[in-house]
Amino acid sequence: MVVASAPGKCILFGEHAVVYGHPAVAVAINARMTVSVREGVDNWSIDGMHYVEAKHPHLTYLHNRLWEGDALAIQVNSEIFGAAGLGSSAALSSAYAAALLELANRDSALGQLPLIAECAHLAEASAQSGRASPTDSSTSALGGCVLISDVREEDADWQYTRELQVAGETRRWEVHKIELPTSLAQASLVIGFTGRPGPTGEMVAKVADMLESNPDRMGDIDRIGTVTRAGVTALRLGNLEAVGIAMDECHRLLRGIGVSDEGLDRLVEAARPYAYGAKMTGAGGGGCMLALTTDARRCAEAIELAGGRTLISPLGVEGVRIEQS
Ligand code: MEV
């Protein structure tokens, strides 16, 4: 039996603008998806039940691509709020890809992180009809802090290029890691879940419609790109105040383009007295917000009093991991 795990993620800066060629920054969070796979069984199963291919498009894509052996018994255990913008499906794909590679060839999976990230991205894209950016899958596979851009960034540690064919076009992303200074270890992220799912495809389409009827609003998208770059500089310097200011500004701009909502705004406002900055994270329209703080307990209490469910994480944790082989 092989057991692998992979973390969820949250976006610090750049959601939505990344769809229009601007950079985005995400960190892996300490909520993990754990997948175990066992050989020597007669039939495919998942969590003790008969495996139905169409019900698990990510997993089906991955074993069709990576597994040539017989039936497997798959077991999944998640600590990540589902459909909340925290990358639970990318974490599932990364962990399953790692488990399959490890099972096929022991002690080799972690030497193949770009392959795990690629497979997880393509599994996401195949399940979402080609729209997924590699933000979630790369952050889950690589861990730490990841910068996605349409160009190779000079001051970041470039890892690989990801390409995807979408509607006859090749989309290309450059994936980097950012080494965060140790001074940031004193701070935590408090993630607050509104309890309502964030419909990613719907929110991406909403922004596209808004920009079509109001092309001058592209200025707000460009401004998110500028704030993201300022946020990256602040992160590199370990300047918590400046990271927080960039987060607040990002939230203001995301509200402006109509992707935040009352529930997210309420949790953001509740967190702010105890945080350097707070913003919605991911696609919006539900899902999660996050706050940067050195007083995680009080910040989490404030978010919970305002009706959110919370999770506390450092800024970046280990990516995909083999737990048992
Ligand atoms: C969703 O987590 C982030 C978006 O920017 C969409 C994407 O990057 O594919 C809204």
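Our structure is the block above this text.
Residues numbered from 1 in each chain as written. Predicted model: local features only at pLDDT ≥ 70, side-chain atom pairs only at ≥ 80, totals over all residues. Heavy atoms only, no water.

A. Seen up close, the sheet that holds strand β11 (residues 288-293). The strand order β10-β11-β9-β12 describes an open sheet built from 4 strands, whose pairing is antiparallel. Pairing within the sheet leaves two strands with one partner each, and these edge strands are β10 (277-281) and β12 (309-313). Shown here is a sheet whose adjacent strand axes are inclined to one another by a mean of 20°, direction ignored. For strand β9 (residues 188-193) and β12, the ladder comprises 5 bridges, and the chain directions are antiparallel. Within β12, the residue paired with valine 190 across the bridge is isoleucine 312. Helix-sheet contacts for helix α7 (residues 240-256) involve β10 and β11, and the interaxial angle to β10 is about 40°. Running at roughly 10° to β9, helix α9 (residues 296-305) makes contact with β9, β11 and β12 of the sheet. (Pairing = 2+ DSSP bridges. Helix = DSSP H or I, 4+ residues; strand = E, 2+ residues; numbered from the N terminus. Axes fitted to C-alpha atoms, helices over the stretch in contact; angles between N-to-C directions. Contact = heavy atoms within 4.5 Å.)

B. Spatial organisation of empty space enclosed by the protein. Taken as a whole and judged by the stated rule, the model has 1 cavity of 30 Å³ or more. Empty space within the largest cavity amounts to approximately 30 Å³. Around the largest cavity, the lining residues are Ala84, Gly85, Gly198, Thr200, Thr281, Gly282, Ala283, Gly284, Gly286, Gly287 and Cys288. Residue composition of the lining of the largest cavity, by class: 3 nonpolar, 8 polar and no charged. (1 Å grid on protein atoms, 1.4 Å probe; cavity = no way out; pocket = protein on both sides within 12 Å on 5 of 7 lines; lining within 4 Å. Points joined across faces, edges and corners; volume = space filled by probe spheres on them. Nonpolar A, V, L, I, M, F, W, Y, C, P; charged D, E, K, R; others polar.)

C. Focus on the packing of aromatic side chains. What the rule picks out here adds up to 2 aromatic pairs. Taking the centre distance of 6.0 Å and the plane angle of 45° together, the rings of tryptophan 44 and tyrosine 51 count as tilted. Exposure remark for tyrosine 51: the relative accessible area of 6% places this residue in the buried category. Seen from the ring of tryptophan 158, arginine 152 lies directly overhead, with NZ or CZ sitting 3.5 Å from the centre. (Phe/Tyr/Trp six-rings, centres within 6.5 Å; stacked < 30°, edge-to-face > 60°. Buried < 20%, exposed > 50% of the residue type's maximum accessible area, 1.4 Å probe, protein only. Lys NZ or Arg CZ within 6 Å of the ring centre and 35° of its normal.)

D. Quick look at the pattern of salt bridges. Within the structure shown, the criterion is met by 15 salt bridges. In this structure, arginine 229 engages glutamate 153 in a salt bridge whose closest nitrogen and oxygen atoms are separated by 2.9 Å. Of the two residues, arginine 229 is situated in helix α6 (residues 218-237) and glutamate 153 in the loop between β6 (145-149) and β7 (157-166); the sequence distance between them amounts to 76 residues. Under the relative-accessibility criterion, arginine 229 is labelled partly exposed at 41%. The residue glutamate 269 makes a salt bridge to arginine 272 at a minimum N-O spacing of 3.3 Å. Residue glutamate 269 is classed as partly exposed on the basis of its relative accessible area of 47%. Counted as one network, the salt bridges with shared partners bring together Arg223, Glu249 and Arg252. (Salt bridge = Lys/Arg side-chain N within 4 Å of Asp/Glu carboxyl O.)

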